[in-house]
Amino acid sequence: MTVLVVAEHDNSELFEVTLHSVSAAVKMGGPVEILVAGSGCGAVAEACAKVAGIERVLLADDPAYEHPLPENLAPLLVGLAGGYSHVVAAATTYGKNVMPRVSALLDVSQISDISEVFAEDTFERPIYAGNALAKVQSSDAIKVVTVRTTKFDAADAEGGSAAVESVEAAETGAGSRFLEQNLSQSDRPELTSARVVVSGGRGVGSAENFQMIEDLAATLNAAVGASRAAVDAGYVPNDYQVGQTGKVVAPDLYLAIGISGAIQHLAGMKDSKVIAAVNTDEEAPIFQVADYGLVDDLFEAVPKLTEALKK
Amino acid sequence: MKILVGVKRVLDPYVRAYVKPDGSGVDLSNAKMSMNPFDEIAVEQAVRLKETGVAEEIIAVSIGPAKSEETIRTALAMGADRGILVESDAELEPLAVAKVLKQVVEDESVQLVLLGKQAIDDDCNQTGQGLAALLGWPQGTFASGVELADGKAKVVREIDGGLETVELDLPAVVTVDLRLNEPRHASLPNIMKAKKKPVDKKAAADLGLDLAPRMKVLGVSEPPARAEGVRVSSVEELVDKLKNEAKVI
Ligand SMILES: Cc1cc2nc3c(=O)[nH]c(=O)nc-3n(C[C@H](O)[C@H](O)[C@H](O)COP(=O)(O)OP(=O)(O)OC[C@H]3O[C@@H](n4cnc5c(N)ncnc54)[C@H](O)[C@@H]3O)c2cc1C
Ligand SMILES: Nc1ncnc2c1ncn2[C@@H]1O[C@H](COP(=O)(O)O)[C@@H](O)[C@H]1O
């Protein structure tokens, strides 16, 4: 019984989410190995080798894997999967894109977005926007699993000394080509791993006004998030969206500004340690989950808050 | 070109899900049901492709209990041409749904499949990717832009870091995200017309596919509720609480 974790990276750096997948993998039992598939990604493999608890790193370094095209990655994973009891990746847009393709080719049912490992074959996963938790037992020989990273602590990035072994690239799936990536540029910490998140909603009113949220976040060294309504209205890019169908975050502090607290938004932030909300509507559902609620106009409160925190 | 759209009947997104007291699942008796919101976006996209002359026919497929016909009728009212209902009272896992869809795709010589990125009940986010794998087709998931030309699809994808654009050879599977379009509301005349559009019905069990569940649901529970919070009366009090009580800043 050995667990294979699929590393997420950009060919030069290992993404932190992978460390959370490793923790989940450790709970599944057995030795844990990591696959790094990329192009010119030797440094990522070296980083993986240092992760505590890793027995072996498989490196598939090939131009075919420069961009994470699922048509190319799935055959590689399927070829390797036979040697493993579990194949695990983070439930990020990377994992969500590739892993169901792998599971279908293996004729197994993927267990999506697990929040707990009870046993080698038994997991918990949120359903209905997190309004229910299902405990499920898989009967498949190989378990293909994606992990809700906020539910598992990051494994230690240091302490391991695994060997790195090269593996052959698999045949590539035809029919898809990478054209371009437009990544959001921000000086702020990454949303899903930040200790503090400041999110703005429709109440913020415009892209210009969102600068207020950015300024508050800057004083707290926080990441910036948003509701779907704020993204749809074009105040911020899509990758800011927190929620059932956006990113799931669980920071020490989540500040919800001008966000009503719809079921779909709560699904992405209600596991935060402390929630504070500013909203003019005292009946707003966000106050039902907020530890600290301030009924106030955000245009008054946010600049004041930023000033107070600078002191 | 023929387009297939997958439409799932789910608990309405604005209704809260309650867990049954016996912990066997979510209580759907008497609950308001709707088309999965992402599937509305898929139907809208298909209809636009037909309106611009890119597609000739749109087939709406739903797999589920007999009542899923309502979901198909909604798709027909939005502009789909005909429906296929594959009846199954048992809840099918995405792998099984993908197998059923694969058969329909092959029977109907479909060139483009449009699905939602995620069903908002199981929150699985698997079916489109699984279907593409079973068909050996390329996939464009979480699409916020789709352009078809010269036998290819250019798909803009919403990814964690921003946006990515890929080019796919058709036939392909595309799963749609929230920002692809704003689905139309069906007009009354179109709802009436939809009643006369053909819906072909068959039983999932008769398809000769292995649709058996691979997962046993041992129990469903409510998540622990958050402790009740407090109201603060000023920014100063909020800062004080965050610093000295919660100690998070
Ligand atoms: C399939 C589906 C998926 C979805 N996925 C997500 C998701 O992942 N994430 C998500 O967030 N949503 C999601 N939604 C949308 C969700 O249902 C809500 O529509 C959305 O979260 C609302 O955003 P909001 O709170 O910013 O806007 P609103 O609900 O309009 O709330 C704005 C709030 O701002 C307050 N306000 C206004 N002016 C001020 C002011 N001056 N000062 C202080 N407060 C003010 C108002 O009182 C109000 O409470 C999804 C919906 C569907 C159907
Ligand atoms: N029972 C079903 N009938 C029709 N389409 C479905 C069904 N289940 C899933 N789909 C399609 O697959 C998408 C993703 O579902 P899921 O993988 O369950 O999250 C949905 O948005 C639908 O387009």
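Preceding block: the structure.
About the cut-offs
- Each chain has its residues counted from 1, following the order in which its sequence is written.
- Chain letters and ligand numbers both follow the written order, the letters beginning at A and the numbers at 1.
- Per-residue local features of the predicted model are confined to residues with pLDDT of at least 70, and side-chain atom pairs are confined, for both listing and counting, to 80 or more; whole-chain, interface and lining totals are unaffected and use all residues.
- Hydrogens and water are ignored here; the side-chain numbers use all heavy atoms of the structure.
- Two strands pair if DSSP finds at least two bridges between them.
- Here a strand is any run of E in DSSP of at least two residues, a helix any run of H or I of at least four, and the numbering for each starts at the N terminus.
- For helices, the axis comes from a line fit to the C-alpha atoms of the stretch in contact; other axes are also lines fit to C-alpha atoms, and the angle between any two N-to-C directions lies between 0 and 180 degrees.
- We call a residue near a molecule or strand whenever a single non-hydrogen atom of that residue lies within 4 Å of it.
- The term polar contact refers here to a pair of N or O atoms within 3.5 Å; inside protein, the definition further demands a hydrogen-donor-capable atom paired with an acceptor-capable atom, and it admits residues adjacent in sequence only when both atoms are side-chain atoms.
- Note that accessible areas follow from Shrake-Rupley with a 1.4 Å probe, and for residues the cover is restricted to the protein chains shown.
- Residue classes follow a fixed rule: Ala, Val, Leu, Ile, Met, Phe, Trp, Tyr, Cys and Pro count as nonpolar, while Asp, Glu, Lys and Arg count as charged, and any other residue, Gly among them, counts as polar.
- Contact definition: two residues touch when any of their heavy atoms are within 4.5 Å.
- What gets called buried area is simply the loss in accessible area from a 1.4 Å probe that two parts show on being joined, summed for both.
- We count a salt bridge whenever a side-chain nitrogen from Lys or Arg sits within 4 Å of a carboxyl oxygen from Asp or Glu.
- Only protein chains enter the calculation, and the probe is 1.4 Å; a residue is then buried if its accessible area is under 20% of its type maximum, exposed if over 50%, and partly exposed in between.
- Each patch is assembled from residues with relative accessible area greater than 30% and no salt bridge, linking like charges that lie within 9 Å and nonpolar side chains (Val, Leu, Ile, Met, Phe, Trp, Tyr) that lie within 5 Å.

1. Re the sheet that holds strand S10 (residues 163-166) of chain A
Residues and elements named next belong to chain A. Read from one edge to the other, the open sheet built from 7 strands follows the order S5-S9-S4-S1-S2-S3-S10, with strand pairing classed as parallel. Each edge of the open sheet carries a strand with a single partner, namely strand S5 (111-114) and S10. For this sheet the average axis-to-axis angle between neighbouring strands, irrespective of direction, equals 25 degrees. Both strand S1 (residues 3-6) and strand S4 (residues 86-90) contribute to a ladder of 3 bridges, which runs parallel. If you follow Leu4 over to S4, its bridge partner there is Val87.

2. Details of the site of ligand 2
Residues and elements named next belong to chain B. Not every one of the 19 residues close to ligand 2 is listed here, only the nearest: Asp39, Ile63, Ala119, Asn125 and Thr127. Within the backbone of Gly116, an N or O atom sits 2.9 Å from an oxygen atom of ligand 2. In the complex, the protein chains occlude 98% of the 480 Å² of accessible area that ligand 2 would expose alone. For the shell around ligand 2, the secondary-structure elements that each account for two or more residues are strand S4 (57-64), helix H3 (94-108) and strand S6 (112-116).

3. Some words on the site of ligand 1
Not every one of the 29 residues close to ligand 1 is listed here, only the nearest: Arg202, Ser227, Gln241, Ser260 and Asn279 of chain A. Chain contributions to the surroundings of ligand 1 come from chains A and B. For ligand 1, an oxygen atom lies 2.8 Å from a polar atom in the side chain of His265 of chain A. Residue Leu298 of chain A places a main-chain N or O atom 2.8 Å away from a nitrogen atom belonging to ligand 1. Against a free-state accessible area of 980 Å², the protein chains account for coverage of 85% of ligand 1. Listing elements by their share of the shell around ligand 1, those giving two or more residues are helix H6 (228-232), helix H7 (263-266) and helix H9 (298-310) of chain A together with helix H1 (37-51) of chain B. Classifying every residue of the shell around ligand 1 gives 10 nonpolar, 14 polar and 5 charged.

4. Re the interface of chain B and chain A
Taken together, the contact between chain B and chain A spans 80 residues of the former and 82 residues of the latter. Summing both sides of the interface, chain B and chain A together bury roughly 6800 Å²; the carbon and sulfur share of this comes to 52%. When the area that chain B buries against chain A is broken down by residue, the three leading residues are Asp160, Arg214 and Arg226 of chain B, summing to 11%. Linking chain B with chain A are 7 salt bridges. The shortest N-O distance in the salt bridge between Asp107 of chain A and Lys99 of chain B comes to 2.9 Å. Among the elements of the structure, H3, helix H4 (127-135), strand S7 (139-149), strand S8 (152-159), strand S9 (162-169), strand S12 (215-221), strand S13 (230-232) and helix H6 (235-245) of chain B are those that each provide at least two residues to the side of chain B that touches chain A. Across the side of chain B that touches chain A, the residue classes tally to 38 nonpolar, 16 polar and 26 charged. Bridge count for strand S16 (residues 292-295) of chain A against S13 of chain B is 3 bridges, and the pairing is parallel. Its bridge partner lying in S13 of chain B, Tyr292 of chain A is registered against Val230 of chain B.

5. Remarks on the environment of Leu69 of chain A
Turning to its location among the elements, Leu69 of chain A is positioned in the loop between strand S3 (54-61) and helix H3 (70-81). For the pair Leu69 of chain A and Leu58 of chain A, spaced 11 residues apart in sequence, the C-alpha to C-alpha distance is 18 Å. Dropping the residues within four chain positions of it, Leu69 of chain A is found in contact with Ser176, Arg177 and Phe178 of chain A together with Val166 of chain B.

6. Concerning the pattern of salt bridges
Considering all chains together, one arrives at 36 salt bridges over all chains under this definition. When the shortest N-O distance is used, the salt bridge between Glu116 of chain A and Lys27 of chain A registers 3.1 Å. Residue Glu116 of chain A is found in strand S6 (residues 116-119), and its partner Lys27 of chain A is found in helix H1 (residues 17-27); the two are separated by 89 residues along the sequence. Taking the relative accessible area as the measure of exposure, Glu116 of chain A reaches 24% and is therefore partly exposed. Notably, a salt bridge pairs Arg184 of chain B with Glu51 of chain B, separated by 2.8 Å at the nearest N-O pair. Note that Arg184 of chain B is positioned in the loop between strand S10 (172-176) and helix H5 (188-194) and Glu51 of chain B in helix H1, a separation of 133 residues in sequence. Glu51 of chain B sits in the exposed class, given a relative accessible area of 53%.

7. Comments concerning the pairing of strand S1 (residues 2-6) of chain B
Residue and element names in this part refer to chain B. Of all 5 residues making up S1, 4 are buried, and the element is well covered by its neighbours. Bridge analysis of S1 against S4 gives 5 bridges, and the strand direction is parallel. Residue pairing across strands places Val5 opposite Ala60, the latter belonging to S4. Note that S1 and S6 share 3 bridges and pair parallel. Across the sheet, the residue bridging to Val5 is Leu114, located in S6.

8. Quick notes on a nonpolar patch on the surface
Residues and elements named next belong to chain B. Together, Leu188, Ile191 and Met192 give the surface a local cluster of nonpolar side chains, amounting to about 290 Å² of exposed area. With respect to the helices and strands, Leu188 occurs in helix H5. Residue class for Leu188 comes out exposed when judged on its relative accessible area of 62%.

9. Section: the side chain of Asn279 of chain A
Residue and element names in this part refer to chain A. Position of Asn279 relative to the elements: it lies in strand S15 (residues 274-279). Here Ile259 takes part through its backbone oxygen, which lies 3.1 Å from a polar atom of the side chain of Asn279. Contact partners of Asn279, with chain neighbours within four places excluded, come to Gly258, Ile259, Ser260, Ala284, Ile286, Phe287, Leu294, Val295 and Asp296.

10. With respect to unusual backbone geometry
Pro171 of chain B follows Leu170 of chain B through a cis peptide bond whose omega is 5 degrees. Note that Pro171 of chain B resides in the loop between S9 and S10. One non-glycine residue, Asn11 of chain A, lies in positive phi territory at about 75 degrees. With respect to the secondary-structure elements, Asn11 of chain A resides in the loop between S1 and H1. When its relative accessible area of 15% is taken as the criterion, Asn11 of chain A is described as buried. The phi dihedral of Tyr128 of chain A is positive, around 50 degrees, even though this residue is not glycine. Mapped onto the elements, Tyr128 of chain A comes out in the loop between strand S7 (122-127) and strand S8 (132-138). Taking relative accessible area as the criterion, Tyr128 of chain A reaches 13% and is therefore assigned buried.

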